[in-house]
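Fold and contact review
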Amino acid sequence: MIFGRSERGKPLVEPVTLKILVAGGFGVGKTTLVGAVSEIRPLRTEELLTEAGRPVDDTSGVEGKHTTTVAMDFGRITLREDLVLYLFGTPGQERFWFMWDELSEGALGAVVLADTRRLEDCFAAVDYFERRAIPFLVGVNCFEGASRYPADSVRQALDLDDGVPVLLCDARDRESVKEVLIGVVQHAMDHAADRRQAALG
């Protein structure tokens, strides 16, 4: 590499880096989603669930879950040569919500992951991003054995604005998750353009 040019003579591309949050209730698949697309080994802060946490960690519907995120998940995915996403998975339990303000600093947008068996668990995340005017979409993680509902039914159940995208996805599948992340970036860009337009009057 000589004078800022690659060996093939092409100018180096300094990628734009964007921060995306992945939020939602306990056991909804946030850690799985980050791990499915991250091109680096994801940073995970998972600890085993204990008897001490039983009164506050509601595992109904996710009885097979034995660990929980206590700080955050972190991963990275390059969508294009000039566009890199940094993914931050938020902790799901209420006792760790104080970290959300720190994690959301500088975020372009967010994915609120939802499980139709425990839809009420994502109300707090939806409310958080609405109050802070952070663009978000809802990704419905289609678990095996869970009832499938059309996106409009989920939108109605969550009382979402018409402008909030709702996408069905599989948090284990890389291509499915990439579509969700592309959707977040597009929604955030549209949101920014609308705000610029409104400011111009």
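What counts as what
Residues numbered from 1 in each chain as written. Predicted model: local features only at pLDDT ≥ 70, side-chain atom pairs only at ≥ 80, totals over all residues. Heavy atoms only, no water. Helix = DSSP H or I, 4+ residues; strand = E, 2+ residues; numbered from the N terminus. Buried < 20%, exposed > 50% of the residue type's maximum accessible area, 1.4 Å probe, protein only. Areas by Shrake-Rupley, 256 points an atom, 1.4 Å probe, with all protein chains shown as cover. Axes fitted to C-alpha atoms, helices over the stretch in contact; angles between N-to-C directions. Parallel < 35°, antiparallel > 145°, perpendicular 65-115°, else oblique. Contact = heavy atoms within 4.5 Å. Nonpolar A, V, L, I, M, F, W, Y, C, P; charged D, E, K, R; others polar. Core = buried A, V, L, I, M, F, W, Y, C linked by side-chain atoms within 4.5 Å. Pairing = 2+ DSSP bridges.

**Considering the overall build of the chain**
Scanning the chain for helices and strands turns up five helices and eight strands. When the helices and strands of the chain are listed from N to C terminus, the series reads β-α-β-β-β-β-α-β-α-β-α-β-α. Across the 201 residues that make up the chain, the buried fraction comes to 44%. Summing over all exposed atoms, the chain offers an accessible surface of approximately 11400 Å²; the carbon and sulfur share of this is 52%.

**Regarding the environment of Gly145**
For Gly145, the location among the structural elements is in the loop between β7 (136-141) and α4 (151-158). The exposure class assigned to Gly145 is exposed, which follows from its relative accessible area of 85%. With 28 residues separating them along the chain, Gly145 and Arg117 place their C-alpha atoms 9.8 Å apart.

**Looking at the packing of helix α1 (residues 30-37) against helix α5 (residues 174-200)**
One can describe the packing of α1 onto α5 by two numbers: an axis separation of 9 Å at closest approach and a directional angle of 100 degrees. In terms of their interaxial angle, α1 and α5 are classed as roughly perpendicular. Residues Leu33, Ala36 and Val37 of α1 touch α5, and the partners they reach there are Arg174, Val177, Lys178 and Leu181. Of the residues assigned to the contact of α1 with α5, the class counts are five nonpolar, no polar and two charged.

**Considering the nonpolar core**
If you look at the biggest cluster of nonpolar residues, it comprises 25 residues, and the most contacted ones within it are Leu21, Val112, Phe129, Phe136, Val138, Leu158 and Leu160. It is helix α3 (residues 123-131) that contributes the most residues to this core, four residues altogether. In contact with Leu158, not counting residues within four places along its chain, are Leu119, Cys122, Phe123 and Val138. Residues Ala36, Leu85, Cys169 and Ala171 belong to the second largest nonpolar core, which totals 22 residues.

**A short note on the sheet that holds strand β5 (residues 83-89)**
With mixed pairing, six strands are arranged side by side in an open sheet as β4-β5-β1-β6-β7-β8. Among the strands making up the open sheet, the edge pair consists of β4 (73-80) and β8 (166-169). Each neighbouring strand pair of the sheet contributes to a mean axis angle of 25 degrees, computed without reference to strand direction. Relative to strand β6 (residues 109-114), strand β1 (residues 16-24) is paired through five bridges, and the arrangement is parallel. Residue pairing for β6: Val22 is matched across the bridge by Val111.

**Section: unusual backbone geometry**
For Ala133, which is not glycine, the phi torsion reads 55 degrees and is therefore positive. Along the polypeptide, Ala133 turns up in the loop between α3 and β7. A positive phi angle, near 55 degrees, is found at Asp159, a position not held by glycine. Here Asp159 shows up in the loop between α4 and β8. On the basis of relative accessibility, which here comes to 65%, the residue Asp159 falls in the exposed class.

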